[in-house]
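Residue-level structural notes
Here is how the chains run, residue by residue.
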Amino acid sequence: MSRTVIHGGLVVTASDEIHADVLIEGGRVIALAAHGSDVAEGWTGRRIDASGKYVIPGGVDAHTHMEMPFGGTYASDTFETGTLAAAWGGTTTIVDFAIQSKGGSLKAGLDAWHEKAEGKCAIDYGFHMIMSDVNASSLKEMDQLVSAGVTSFKLFTAYPGVFLSDDGQILRAMQQAGSNGGLVMTHAENGLAIDVLVEQALARGERDPRYHGEVRKALLEAEATHRVIKLSQVAGAPLYVVHVSAEEAVAEIARARDEGHPVFGETCPQYLFLSTDNLAEPGFEGAKYVCSTPLRPKEHQAALWRGLRTNDLQVVSTDHCPFCFNGQKEMGRDDFSKIPNGMPGVENRMDLLHQAVVDGHIGLRRWIEIACATPARMFGLYPKKGTIAPGSDADIVLYDPHAEQTISAATHHMNVDYSAYEGKRLTGRVETVISRGVTVIDNHAYVGHAGHGTYLPRGICQFAH
Ligand code: URP
Ligand code: ZN
Ligand code: ZN
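These notes cover the structure that comes with them. As the structure is a prediction and not an experimental result, all values here were calculated from the model.

Scanning the protein chain from N- to C-terminus turns up 14 helices and 19 strands. At 21 Å, the protein chain has a C-alpha radius of gyration in line with the 23 Å of a compact globule built from 465 residues. Projected onto the principal axes, the alpha-carbon positions of the protein chain cover approximately 70 × 50 × 40 Å. In the protein chain, the share of contacts with a sequence separation of at least 24, taken over all contacts with a separation of at least 6, comes to 75%. Across the protein chain, the centroid of the 40 positively charged side chains sits 2 Å from that of the 56 negatively charged ones.

Written out as structure tokens, the structure is:
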């Protein structure tokens, strides 16, 4: 059985910062030992010097869309390219969204996503299920999926005719989840009202990407967030609201939590670091930043950071859904509503959140909590993933907190022709990445392979039941 010791580093988890050596055997963490102790010194096998480095759990990105079909095209990262890019950025687990097609079963959707991912991934992966057709049969199927380790279900109040479920369908899915241990995730924006505003904007000749942000109003995110929270209370089920971007939506989640309801919120780096100023970039450049929920005016960022500090928001995922500027985003050059929705980011999340530590928005352990430990607990993967503890998978990142880097499409590994953070200078950089004891990134060199990553059947949410 292969053995490794990572010695001399500062081990940072959601709960501790300790100077310790990490002993690994056969893909799992065996023990943490005091620096220089006999057990660490005598540990046979590979020795990795982590002096001056953080030793952190591999990132858990609970919201990705590899190869997602959207608006007549597909997200440009495959499971192969997307998980490789994730590894470069210090993420060792993704949870991607399988999609039920209209008229199709949950099982057919899940089988299709297994086929896309199997044998392709550089890191471990699990699936959520997007429900686009809630009916008696798909509701029943939810029970089977929970038993099989797909324990979370995304429902949309947006995208009429594509993904939208009505309030009755959402309530039924929540009731089912309430009885089977599943977790309903919601994309909360009032899609029917947004479509009216889209039509009116286009009729006024407002066609450029800036209007994507204007029609998808913060109030319509807040209204839908309020509505799904109330539905979850009626159903007696927990709720996880994805990609929260508006201050008013954070307030709805905070209020529900203050009242004692099991409501959870996720935000994404794009809402923390980018704004409507990007959507307004001239020459159709704003299309690079079209995603839903949309980027908001800068003033919303303070509420998101505050929510992350106060635990009104618990998770930062990427919603990685890349579309190339050339050929894909361009589909909406004359009509913002035809720009495929989504942005790249799976490679940048851990670094951007470390920058947030450097900038004083969050503390060091909170970085690990929102990027590793809490997503793992939220989606039934903890303590296998999300921490460094005896028995955990040896998914470990050596992170150099002093290295400087500049984000660029010229150097990133995501299969997309632009970076949303082009030219952004960051302090901190991933140096080495280990997945289940196997080195994937070795001192800034990729040494992994497609197919190393295995499928992760998940348990139920560890906060809600
Ligand atoms: O714009 C986005 N977020 N695209 C991906 C699909 C979704 O709604 O999460
Ligand atoms: Zn969504
Ligand atoms: Zn998404």
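Quick look at the environment of His-444 now. Along the chain, His-444 turns up in the segment after strand E19 (438-441). As a C-alpha pair, His-444 and Val-215 span 229 residues in sequence and 42 Å in three-dimensional space. Residues contacting His-444, with those up to four places away along its chain left out, are Trp-88, Arg-429, Val-430 and Glu-431. Within the structure, the side chain of His-444 is placed 3.3 Å from the backbone oxygen of Val-430, a separation counted as a polar contact.

This brings us to the sheet that holds strand E13 (residues 183-187). Strand order across the open sheet formed by eight strands is E7-E10-E11-E12-E13-E14-E15-E16, with parallel pairing between neighbours. Every interior strand has two partners, whereas the edge strands, strand E7 (59-64) and strand E16 (315-316), have only one. Bridge analysis of E13 against strand E14 (residues 239-241) gives three bridges, and the strand direction is parallel. Of the residues in E14, the one forming a bridge with Met-185 is Tyr-240.

The way to describe two aromatic rings as a pair is by their centre distance and the angle between their planes. If you walk through the whole model with that rule in mind, you get 16 aromatic pairs. Ring centres of Tyr-240 and Phe-379 lie 5.0 Å apart, and the angle between their planes is 75°; on these two criteria the pair is classed as edge-to-face. Of the two residues, Tyr-240 sits in strand E14 while Phe-379 sits in the loop between helix H14 (364-378) and strand E17 (396-406), which places them 139 residues apart along the sequence. Taking relative accessible area as the criterion, Tyr-240 reaches 0% and is therefore assigned buried. Judged by relative accessible area, which is 1%, Phe-379 ranks as buried. On the basis of an interplanar angle of 40° and a centroid distance of 5.9 Å, the ring pair of Phe-264 and Phe-463 is categorised as tilted.

Those protein atoms acting as donors to the zinc ion (ligand 3) are His-63 (NE2), His-65 (NE2) and Asp-319 (OD), and they sit at 1.9 to 2.1 Å. Coordination at the zinc ion (ligand 3) comes from four donor atoms whose angles at the metal span 86 to 135°, giving a geometry best classed as irregular. Mapped onto the polypeptide sequence, the residues donating to the zinc ion (ligand 3) form the spacing pattern H-x1-H-x253-D. Separating the zinc ion (ligand 3) from the zinc ion (ligand 2) is a gap of 4.0 Å. With His-65 in the loop between E7 and strand E8 (69-70) and Asp-319 in the loop between E16 and helix H13 (349-358), this residue pair connects regions lying 254 residues apart in the sequence. The same class applies to His-65 as to Asp-319, namely buried.

Moving on, we get to empty space enclosed by the protein. Following the criterion strictly, the structure yields two cavities of 30 Å³ or more and no others. Estimated volume of the largest cavity: approximately 120 Å³. Here the residues of the lining of the largest cavity are counted per class, giving six nonpolar, six polar and two charged. If you add up the space inside the second largest cavity, you get close to 50 Å³. Residue lining of the second largest cavity: His-226, Ile-229, Lys-230, Gln-233, Glu-252, Arg-255, Ala-256 and Glu-259, and that is the complete set. Of all the secondary structure elements, the ones that give two or more residues to the lining of the second largest cavity are helix H8 (218-235) and helix H9 (247-258). Ranked by residue count, the leading element in the lining of the second largest cavity is H8, at four residues. Taken together, the residues of the lining of the second largest cavity sort by class into two nonpolar, two polar and four charged.

Estimates place the volume of the largest pocket at around 490 Å³. Taken together, 27 residues form the lining of the largest pocket, with Phe-70, Tyr-159, Pro-160, Val-162 and Ser-337 sitting closest to its centre. Looking at the lining of the largest pocket, the elements with two or more residues in it are E8, helix H6 (191-203) and helix H7 (210-215). Considering each element in turn, the lining of the largest pocket owes the most residues, three residues, to H6.

Looking now at the coordination of the zinc ion (ligand 2). Ideal values differ by geometry: the angle at a metal is 109.5 degrees with four tetrahedral donors, but 90 or 180 degrees with six octahedral donors. Only Lys-154 (NZ), His-187 (ND1) and His-243 (NE2) from the protein reach the zinc ion (ligand 2) as donors, at distances of 2.1 to 2.2 Å. Mapped onto the polypeptide sequence, the residues donating to the zinc ion (ligand 2) form the spacing pattern K-x32-H-x55-H.

Before going further, it helps to spend a moment on the site of ligand 1. Residues in close proximity to ligand 1 total 14 residues, the closest being Lys-154, His-187, Ser-292, Asp-319 and Asn-341. Lys-154 places a side-chain nitrogen or oxygen 2.9 Å from an oxygen atom of ligand 1. With respect to ligand 1, the side chain of Asp-319 contributes an N or O atom lying 2.6 Å from a nitrogen atom. Look at ligand 1: alone it shows 270 Å² of surface, and the protein chains cover 100% of it. Spatially, ligand 1 is embedded in the largest cavity.

A word on H9. Given a rise of 1.5 Å per residue, twelve residues ought to cover 16 Å, and the 16 Å separating the end C-alpha atoms of H9 matches this to within 8%. Those residues of H9 lying buried are Ala-249, Val-250, Glu-252, Ile-253, Ala-254 and Ala-256. Tucked inside the fold, the buried residues of H9 contact H8, E14, strand E15 (263-267) and helix H12 (300-310). Positioned one or two residues after H9, Gly-260 has a phi angle of 95°, which is positive.

Cut-offs applied
Residues numbered from 1 in each chain as written. Chains lettered and ligands numbered in written order. Predicted model: local features only at pLDDT ≥ 70, side-chain atom pairs only at ≥ 80, totals over all residues. Heavy atoms only, no water. Helix = DSSP H or I, 4+ residues; strand = E, 2+ residues; numbered from the N terminus. Rg over C-alpha atoms; globule rule 2.2 N^0.38 Å. Contact = heavy atoms within 4.5 Å. Lys, Arg positive; Asp, Glu negative; His and termini not counted. Charge placed at Lys NZ, Arg CZ, Asp CG, Glu CD. Polar contact = N/O pair within 3.5 Å; in protein donor to acceptor, adjacent residues only side chain to side chain. Pairing = 2+ DSSP bridges. Phe/Tyr/Trp six-rings, centres within 6.5 Å; stacked < 30°, edge-to-face > 60°. Buried < 20%, exposed > 50% of the residue type's maximum accessible area, 1.4 Å probe, protein only. Donors = N, O, S within 2.8 Å, 3.2 Å for Na, K, Ca; no water. Tetrahedral: all angles 85-135°; square planar, octahedral: opposite > 155°, others 65-115°. 1 Å grid on protein atoms, 1.4 Å probe; cavity = no way out; pocket = protein on both sides within 12 Å on 5 of 7 lines; lining within 4 Å. Points joined across faces, edges and corners; volume = space filled by probe spheres on them. Nonpolar A, V, L, I, M, F, W, Y, C, P; charged D, E, K, R; others polar. Near = heavy atom within 4 Å. Areas by Shrake-Rupley, 256 points an atom, 1.4 Å probe, with all protein chains shown as cover. Sits in = over half its atoms within 2 Å of the grid points. Expected span 1.5 Å × (residues − 1).

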